[in-house]
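Topology and contacts: notes
One letter stands for each residue in the lines below.
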Amino acid sequence: MIFDAIRESHDLQRDLCRKLTASRGDMAVRQLLFLQLKVELMAHAAAEERHLYVPLLMQDGGLDASRHALHEHHEVDELLEELSVRNKQQDGWIATAKQLSFKVRHHLKEEESKFFQVAGRLLPDAKKAQLGARYRREIVRMRKHYAAQYQTVVVSPATGLVKPARAAADQAAKRGNAQAGARLRGKSQPRRTA
């Protein structure tokens, strides 16, 4: 059903917001968390707007709720743009990230407690199931679309979720693991040193 599919992304968004606003010191980790959240928020908004908001916009009873939700998506987009700067340590960045987190959590709570009830009354069960399947396909497609803009995140083929690109291999290579370094260079054997 559409609501279960959307809640999965909502839970992920809450978790990423929490981790991002708690990030301290390691700017590489902060950047990675921000990109994961940004890709998830943009993919979710696109899929949700296409497969829940549009069908509700077509019905008089869903018009106001859909317009309000679209407005909140726009506000999130503006905050994401403001946070998309190179230096994540600059004054005010974490404060803006907290604003984003608050806005996202507010939107998710409102959507789950009000918007889903409106949609539940207006959409027949068969339509909810159909929209849920479409949403699940669309969010993975949109995650891939948005993740392709960055080299540090990818979409897992197994789960369809955004994850760090080559994190395990990169970490091993940093610790001096010659096999991992060889894999990063596309070689089967480590470099010879002697």
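Here, every reference points to the structure presented above.
Description of the structure in this document. (Residues numbered from 1 in each chain as written. Predicted model: local features only at pLDDT ≥ 70, side-chain atom pairs only at ≥ 80, totals over all residues. Heavy atoms only, no water.)

A closer look at the nonpolar core
Across soluble globular proteins, nonpolar side chains show a tendency to be buried alongside one another. Leu52, Leu100 and Phe115 are the most contacted members of the largest nonpolar core, which has 45 residues in total. Looking at this core, the elements with two or more residues in it are helix H1 (2–22), helix H2 (27–57), helix H3 (63–83), helix H4 (93–122), helix H5 (125–147) and strand E1 (153–155). Take this core: its biggest share by element is 13 residues, from H2. When neighbours within four sequence positions are excluded, Leu100 is seen to be in contact with Leu37, Leu41, Val76, Leu79, Leu80 and Leu83. (Core = buried A, V, L, I, M, F, W, Y, C linked by side-chain atoms within 4.5 Å. Buried < 20%, exposed > 50% of the residue type's maximum accessible area, 1.4 Å probe, protein only. Helix = DSSP H or I, 4+ residues; strand = E, 2+ residues; numbered from the N terminus. Contact = heavy atoms within 4.5 Å.)

Comments concerning the pattern of salt bridges
All chains considered together, the criterion is met by eleven salt bridges. For Asp4, the salt bridge identified is with Arg7, shortest N-O distance 3.9 Å. With Asp4 and Arg7 both in helix H1 and three residues apart, the pair spans about one turn of that helix. With a closest N to O distance of 2.5 Å, Asp15 and Arg18 form a salt bridge. (Salt bridge = Lys/Arg side-chain N within 4 Å of Asp/Glu carboxyl O.)

Digging into the side chain of Ser23
Locating Ser23 in the fold gives a position in the loop between H1 and H2. On the accessibility criterion, Ser23 (7% relative accessible area) is buried. At 2.7 Å, the side chain of Ser23 forms a polar contact with the backbone oxygen of Leu20. Beyond its immediate stretch of four places on either side in the chain, Ser23 contacts Arg30, Leu33 and Ile94. (Polar contact = N/O pair within 3.5 Å; in protein donor to acceptor, adjacent residues only side chain to side chain.)

A short note on a negative patch on the surface
A cluster of acidic residues, Asp77, Glu78, Glu81 and Glu82, forms a negative patch at the surface. Along the chain, Glu81 turns up in helix H3. Residue Glu81 is classed as exposed on the basis of its relative accessible area of 59%. (Patch = residues over 30% accessible without salt bridge, like charges linked within 9 Å, V, L, I, M, F, W, Y side chains within 5 Å. Areas by Shrake-Rupley, 256 points an atom, 1.4 Å probe, with all protein chains shown as cover. Lys, Arg positive; Asp, Glu negative; His and termini not counted. Charge placed at Lys NZ, Arg CZ, Asp CG, Glu CD.)

Examining the environment of Glu82
For Glu82, the location among the structural elements is in helix H3. It is 8.0 Å that separates the C-alpha atoms of Glu82 and Thr96, two residues lying 14 residues apart in sequence.

Considerations on the environment of Leu63
Relative to the elements of secondary structure, Leu63 occurs in helix H3. Residue Leu63 is classed as partly exposed on the basis of its relative accessible area of 27%. With ten residues separating them along the chain, Leu63 and Tyr53 place their C-alpha atoms 8.7 Å apart. Apart from the residues within four sequence positions on either side, Leu63 is in contact with Leu56 and Leu57.

Details of the packing of H1 against H2
Running from N to C, H1 and H2 cross one another at 155°; their axes reach a closest spacing of 10 Å. The angle between H1 and H2 falls in the class roughly antiparallel. Taken as a pair, H1 and H2 cross one another with a handedness that is left-handed. Contact residues: H1 offers Ile2, Phe3, Ile6, Ser9, His10, Leu12, Gln13, Leu16, Cys17, Lys19 and Leu20, while H2 offers Arg30, Leu33, Phe34, Gln36, Leu37, Glu40, Leu41, His44, Glu48, His51 and Leu52. (Axes fitted to C-alpha atoms, helices over the stretch in contact; angles between N-to-C directions. Parallel < 35°, antiparallel > 145°, perpendicular 65-115°, else oblique. Left-handed = near helix turned anticlockwise from the far one by under 90°.)

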